[in-house]
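Structure assessment
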Amino acid sequence: MSKVSMAAYVAGSVQGVGFRYNTQRQARSLNLTGYAYNMDDGRVEVVAEGDADAVEQLIEWIKQGGPRGARVDQVLTEPRPLQNFSQFKIKY
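Residues numbered from 1 in each chain as written. Predicted model: local features only at pLDDT ≥ 70, side-chain atom pairs only at ≥ 80, totals over all residues. Heavy atoms only, no water.

Remarks on the overall build of the protein chain
Looking only at helices and strands, the protein chain has two helices and five strands in total. Radius of gyration (C-alpha) of the protein chain: 12 Å, near the 12 Å computed for a compact globule of 92 residues. In terms of overall dimensions, the protein chain has a C-alpha envelope of 35 × 25 × 20 Å along the principal axes. Burial statistics for the protein chain: of 92 residues in total, 42% are counted as buried. Considering only contacts within the protein chain whose residues lie at least 6 apart along the sequence, 79% involve residues at least 24 apart. For the protein chain, the exposed surface amounts to about 5,200 Å²; the carbon and sulfur share of it is 45%. Across the protein chain, the mean location of the 11 positive side-chain charges is 8 Å away from that of the 10 negative side-chain charges. (Helix = DSSP H or I, 4+ residues; strand = E, 2+ residues; numbered from the N terminus. Rg over C-alpha atoms; globule rule 2.2 N^0.38 Å. Buried < 20%, exposed > 50% of the residue type's maximum accessible area, 1.4 Å probe, protein only. Contact = heavy atoms within 4.5 Å. Areas by Shrake-Rupley, 256 points an atom, 1.4 Å probe, with all protein chains shown as cover. Lys, Arg positive; Asp, Glu negative; His and termini not counted. Charge placed at Lys NZ, Arg CZ, Asp CG, Glu CD.)

Observations regarding the side chain of E49
When you line up the elements, E49 lands in strand β3 (residues 44–51). Notably, E49 is buried but unbridged: the nearest opposite-charge side chain belongs to K3, and the N-O separation is 4.6 Å. There is a polar contact of 3.2 Å between the side chain of E49 and the side chain of S5. When sequence neighbours within four positions are dropped, the list of residues in contact with E49 reads V4, S5, L32, T33, V55, P81, L82, Q83, N84 and F85. (Salt bridge = Lys/Arg side-chain N within 4 Å of Asp/Glu carboxyl O. Polar contact = N/O pair within 3.5 Å; in protein donor to acceptor, adjacent residues only side chain to side chain.)

In structure tokens, the structure reads:
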């Protein structure tokens, strides 16, 4: 089982709609670590680490619109070096 780290930059109506909390719940259910963070430009940055298939599942969930109430217009992803987070957190 290979561990990967992926960053996703999510644009759309994704702040103030519970996006980070729902992403955290989804990530934890997939046994992923990392964080979700509201960026100053209105996007949400999601960094997820764990099993490659689980990371892909989370990215797909985000691309399909994430939680109800959110509107995802664009998702840009890029691989990241592993940072070995202890859990999936909401970063402020």
